[in-house]
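# Reading the structure
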Amino acid sequence: MIGKKTPLRDGLDRLVDALVEDILSTPDKDILAELKECGGDPARNAAEMRAFFERSIVAANKHRLAQARAGAARNRKRRVGGPVDIAQARQRLRAILDSAGGPQGLTLAARKESELSDSDIVSMLDDLYELGAFPPKDDEEEGEKEN
Amino acid sequence: MAVTAAERLLQELGVTDPNEIDLEAIAYHLGANVRYAPLDGCEARIIGFCGSAIITVNANSSLPRKRFSIAHELGHWIYHRGKSLVCRVEEYRPQGSLAAERVADFYAADLLMPRFLFHPLARQHPTLNFKTVSSLAHAFRTSQTAAAIRLVETDHSPAMLVCHSQQGRKWFVRAPSVPERWFPRDRLDAESFAFGILFGAGRNDTMPRLVGAEAWFERWEAERFEIHEQTIRTAPDEVLTILLLSAEDMLRGE
């Protein structure tokens, strides 16, 4: 409980602690016997609690799915590319694919460079830039100018 | 049977209905974004770097095909991270694929048709036929072929699924309850109904039909049995056949 501390609240907290302590220190069979005495059904009670926990877990997991849906919706965007030198782009991609595994940490499942169309080549290079596998295009161009 | 990685993931996301299998959201949860673009060289690809990935799917493909492609690429993301593969995403095929592709295919099948959702729905259909297949394909937004393979593999009935082109048998899958000695012919027999559909103007079978087992199996004992056959055309040069084996002696081990 969150709230302002008062003598009354302190007293209630101590009472709750004592009750919890009492329950935890009571043997299981005594608790079951007590429940039966009160007309309860331990098996039914356990099944209800299990179902309650399962529903709570599923609800929490569905919240995770809802968050993922919202994230995926935010990330939907169309890419607008500028003019590209295709020969250079092909050479660039071939160099990446031919080097042993490309940049470290790269995962790739795609066709061979020779089987890819020009637009596939350009979009693959865009993906690599977007993922940070290369320095941003501007930095690279400036580096080339300096050289 | 143990829960697979794909099924565990769906449970972690609280998926309790086939409609909730939102592949873009699942991809996002795994650090991958899905894009749709016209692809000339393949159905889909994945490029990942460190913990992030971009999956690009051919925008011109059908919905079931797109879903299968996303799920397949997620299989690569889970099992082949840090590797470069020459990938050829085909429709879910039980045989003839390279090892990495098969791993990705199996992951895709589990993600699209998890057994904890597929079995209860499949059990609502007492008969294995293409009507049942269509109903499940619709529920799980997969192709008929993918749903049919799943049904046969899960041993809904003692059955086989066989795919033929005019060049011969492309692949087949056998239910676990069907003994391995039953191996379908490579070339379609003229006695089979599938022959008329593939080579003639035959229309899709609306229900399974009784046929002599020797039309489908070269084995000596086949002439003693009858089986049920139902065939549909899946492409201009491709038919898919469900064979139902009900004779007890056929299902008995050697």
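Structural notes, computed from the coordinates. Note that residues are indexed from 1 along each chain, following the sequence as it is written. Working convention: letters from A go to chains and numbers from 1 go to ligands, in the order in which they are written. Only residues with pLDDT of 70 or above have their local features reported here, since the model is predicted, and side-chain atom pairs are shown and tallied only from 80 upward, although totals for entire chains, interfaces and linings are computed over all residues. Only hydrogens and water are set aside when side-chain values are computed; all heavy atoms of the structure are taken into account.

Numbering of helices and strands runs from the N terminus, with a helix taken as a DSSP run of H or I at least four residues long and a strand as a DSSP run of E at least two residues long. For chain B, the count of helices and strands is 9 helices and 9 strands. Scaling as 2.2 N^0.38, a compact globule of 254 residues should have a C-alpha radius of gyration of about 18 Å, and chain B matches this with 19 Å. Split into buried and exposed, the 254 residues of chain B put 54% on the buried side. The size measure is the radius of gyration over C-alpha atoms, and the globule rule it meets is 2.2 Å times the number of residues to the 0.38 power. A 1.4 Å probe rolled over the protein chains alone gives each residue an accessible area, and that area as a share of the maximum for its type sets the label: buried under 20%, exposed over 50%, partly exposed in between.

As a further point, take the environment of Leu161 of chain B. All names here are of chain B. Take Leu161: it is sitting in strand β5 (residues 159-165). A C-alpha to C-alpha distance of 15 Å links Leu161 and Ser246, two positions 85 residues apart in sequence. When checking whether two residues touch, look at their non-hydrogen atoms; a contact exists if any pair is within 4.5 Å. Apart from the residues within four sequence positions on either side, Leu161 is in contact with Thr145, Ala148, Ile149, Val152, Trp171, Phe172, Val173, Leu240, Thr241 and Ile242.

Salt bridges are counted wherever a side-chain nitrogen of Lys or Arg sits within 4 Å of a carboxyl oxygen of Asp or Glu. Within the structure shown, the criterion is met by 20 salt bridges over all chains. Between Glu48 of chain A and Arg44 of chain A there is a salt bridge, with its nearest N and O atoms 3.2 Å apart. Of the two residues, Glu48 of chain A and Arg44 of chain A both sit in helix α3 (residues 42-74), 4 residues apart, roughly one turn of that helix. For Glu48 of chain A, a relative accessible area of 42% corresponds to the partly exposed category. With a closest N to O distance of 2.7 Å, Glu20 of chain B and Lys62 of chain A form a salt bridge. Residue Glu20 of chain B is found in the loop between α1 (5-12) and α2 (23-29), and its partner Lys62 of chain A is found in helix α3; the two belong to separate chains. With relative accessibility at 18%, the residue Glu20 of chain B sits in the buried group.

With that out of the way, let us pick up the sheet that holds strand β2 (residues 44-49) of chain B. Strand pairing in a sheet relies on backbone hydrogen bonds. The paired strands run either parallel or antiparallel. With mixed pairing, 5 strands are arranged side by side in an open sheet as β1(B)-β3(B)-β2(B)-β1(A)-β4(B). Only two strands of the sheet have a single neighbouring strand rather than two, namely β1 (32-37) and β4 (84-86) of chain B. Across the sheet, the axes of successive neighbouring strands diverge by a mean angle of 10°, strand direction being ignored. Contacting β1 (106-110) of chain A together with β1, β2 and β3 (52-58) of chain B, helix α5 (residues 118-130) of chain A crosses the sheet at an angle of about 25° to β2 of chain B. The criterion for strand pairing is that DSSP finds at least two bridges linking the strands in question. Axes here refer to lines fitted to C-alpha atoms; in helices the fit is confined to the stretch in contact. Angles between the N-to-C directions go from 0 to 180 degrees.

All names here are of chain A. Each patch is built from residues that are more than 30% exposed by relative accessible area and take part in no salt bridge. Like charges join if they lie within 9 Å; nonpolar side chains (Val, Leu, Ile, Met, Phe, Trp, Tyr) join within 5 Å. In these tables, accessible area is a Shrake-Rupley quantity obtained with a 1.4 Å probe, and a residue counts as shielded only by the protein chains included in the view. Here Asp and Glu are counted as negative and Lys and Arg as positive; His is not counted, and neither are the chain ends. A charge is said to be at NZ when it belongs to Lys, at CZ for Arg, at CG for Asp and at CD for Glu. Taken together, the side chains of Asp17, Glu21, Asp22, Glu34 and Glu37 make up a negatively charged region of the molecular surface. Looking at the negative patch, the element that brings in the most residues is helix α1 (residues 7-25), giving 3 residues. Relative to the elements of secondary structure, Glu21 occurs in helix α1.

Nonpolar cores were defined as sets of buried Ala, Val, Leu, Ile, Met, Phe, Trp, Tyr and Cys residues, with membership established by side-chain atoms within 4.5 Å. In terms of nonpolar packing, the biggest core is built from 79 residues, with Ile26, Leu74, Leu111, Trp216 and Phe217 of chain B touching the most fellow members. Among the elements that line this core, the one with the most residues is helix α7 (residues 144-153) of chain B, at 6 residues. Apart from the residues within four sequence positions on either side, Phe217 of chain B is in contact with Met160, Trp182, Phe183, Pro184, Arg185, Ala222, Ile227, Leu243 and Met250 of chain B. Counting 18 residues, the second-largest nonpolar core is a separate cluster that includes Leu108, Ala110, Leu116 and Leu131 of chain A.

Across the contact, 38 residues belong to chain A and 43 residues belong to chain B. Together, the buried faces of chain A and chain B total about 3500 Å²; carbon and sulfur atoms form 51% of this surface. Applying the counting rule to chain A against chain B returns 5 salt bridges. Under this definition, polar contacts are N or O atom pairs within 3.5 Å; protein pairs additionally need one hydrogen-donor-capable and one acceptor-capable atom, and for neighbouring residues in sequence, both atoms have to be side-chain atoms. Remark: the boundary between chain A and chain B carries 17 residue pairs in polar contact (both at pLDDT 80 or more). Per element, the largest residue contribution to the side of chain A that touches chain B is 11 residues, and it comes from α3 of chain A. In this classification, Asp, Glu, Lys and Arg are treated as charged, Ala, Val, Leu, Ile, Met, Phe, Trp, Tyr, Cys and Pro as nonpolar, and every other residue, Gly included, as polar. Taken together, the residues that form the side of chain A that touches chain B break down as 13 nonpolar, 12 polar and 13 charged. When β1 of chain A meets β2 of chain B, the two strands line up antiparallel, connected through 4 bridges. Each bridged residue has a counterpart across the sheet, and for Ala109 of chain A the counterpart in β2 of chain B is Ile46 of chain B. Throughout, buried area stands for the accessible area (probe radius 1.4 Å) lost by two parts on being put together, summed over both.

A surface patch of nonpolar side chains, about 420 Å² in accessible area, is lined by Leu8, Leu12, Leu15 and Leu19 of chain A. Note on Leu15 of chain A: relative accessible area 49%, which makes it partly exposed.

A few words on the pairing of β2 of chain B. Residues and elements named next belong to chain B. Within β2, 6 of the 6 residues are buried, which leaves the element mostly enclosed by the surrounding structure. Residues Ala44, Ile46 and Gly48 of β2 are buried on one face, and the alternating residues Arg45, Ile47 and Phe49, pointing to the opposite face, are buried as well. Where β2 meets β3, 6 bridges bridge the pair, whose relative direction is antiparallel. Each residue of the ladder has a partner; that of Phe49, found in β3, is Ser52.

Now for the packing of α1 of chain B against helix α4 (residues 99-112) of chain B. All names here are of chain B. Here α1 crosses α4 at 35°, and the two axes come no closer than 8 Å. Here the hand of the crossing between α1 and α4 comes out right-handed. In this structure, α1 contributes Ala5, Ala6, Glu7, Leu9 and Leu10 to the contact, and α4 contributes Tyr107, Asp110 and Leu111. Handedness of a crossing follows from how the near helix is turned relative to the far one, being left-handed for an anticlockwise turn of less than a right angle and right-handed for a clockwise one.

Residues and elements named next belong to chain B. The strand order across the open sheet formed by 5 strands is β6-β5-β9-β8-β7, and the pairing between neighbours is antiparallel. Only two strands of the sheet have a single partner each, and these edge strands are β6 (168-174) and β7 (209-212). Strand after strand, the sheet turns through a mean of 30° between neighbouring axes, direction not considered. Relative to strand β9 (residues 238-244), β5 is paired through 6 bridges, and the arrangement is antiparallel. Paired with His164 across the two strands is Val239, which belongs to β9.

For the rest of this paragraph, the subject is the pairing of β6 of chain B. Residue and element names in this part refer to chain B. In terms of strand pairing, β5 meets β6 through 6 bridges, oriented antiparallel. Considered in β6, the bridge of Val162 is made with Phe172. Hairpin connection of β5 to β6: 2 residues between the antiparallel strands.

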